[in-house]
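These are the residues of each chain, in order.
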Amino acid sequence: MLLNTQELAQLSDYLICEIDCSPDYEDDAFAVTFLGVRCYVERYRDAFRVEVGHEDDVVELPRP
């Protein structure tokens, strides 16, 4: 399942507001379930690299 543009914006907000501030996600590589979709996330200085569902569906979300 792919996430649409609006859902990707929600995921970006979630990663920035919830995950970046959580001590449970100190590693720069982790997995989360968002809207029922399993996402593998790699955190970089300027962006999140997100495999949505599986490695063929990769998006980069900007990180402030």
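The structure this text deals with has already been given above.
Residues numbered from 1 in each chain as written. Predicted model: local features only at pLDDT ≥ 70, side-chain atom pairs only at ≥ 80, totals over all residues. Heavy atoms only, no water.

A. Up close: the overall build of the protein chain. When helices and strands are counted, the protein chain shows one helix and four strands. In the protein chain, the succession of helices and strands from N to C terminus is α-β-β-β-β. A compact globule built from 64 residues should have a C-alpha radius of gyration of about 11 Å, and the protein chain, at 11 Å, falls within 12% of that. Put simply, the protein chain has 64 residues, and 36% of those count as buried. Pairs at least 24 residues apart make up 28% of the contacts formed inside the protein chain by residues separated by at least 6 positions. Surface accessibility of the protein chain: about 4200 Å² in total, with carbon and sulfur atoms responsible for 47%. Positive and negative charge centroids in the protein chain, built from 5 and 15 side chains respectively, lie 4 Å apart. (Helix = DSSP H or I, 4+ residues; strand = E, 2+ residues; numbered from the N terminus. Rg over C-alpha atoms; globule rule 2.2 N^0.38 Å. Buried < 20%, exposed > 50% of the residue type's maximum accessible area, 1.4 Å probe, protein only. Contact = heavy atoms within 4.5 Å. Areas by Shrake-Rupley, 256 points an atom, 1.4 Å probe, with all protein chains shown as cover. Lys, Arg positive; Asp, Glu negative; His and termini not counted. Charge placed at Lys NZ, Arg CZ, Asp CG, Glu CD.)

B. Spotlight on the environment of Tyr40. On the secondary structure map, Tyr40 appears in strand E2 (residues 37-43). On the basis of relative accessibility, which here comes to 32%, the residue Tyr40 falls in the partly exposed class. Linking Tyr40 and Val52, residues 12 residues apart in sequence, is a C-alpha distance of 6.8 Å.

C. View of the side chain of Ser22. Relative to the elements of secondary structure, Ser22 occurs in the loop between helix H1 (5-19) and strand E1 (29-34). Engagement of the side chain of Ser22 in a polar contact is seen with the backbone nitrogen of Asp24, the distance being 3.1 Å. (Polar contact = N/O pair within 3.5 Å; in protein donor to acceptor, adjacent residues only side chain to side chain.)

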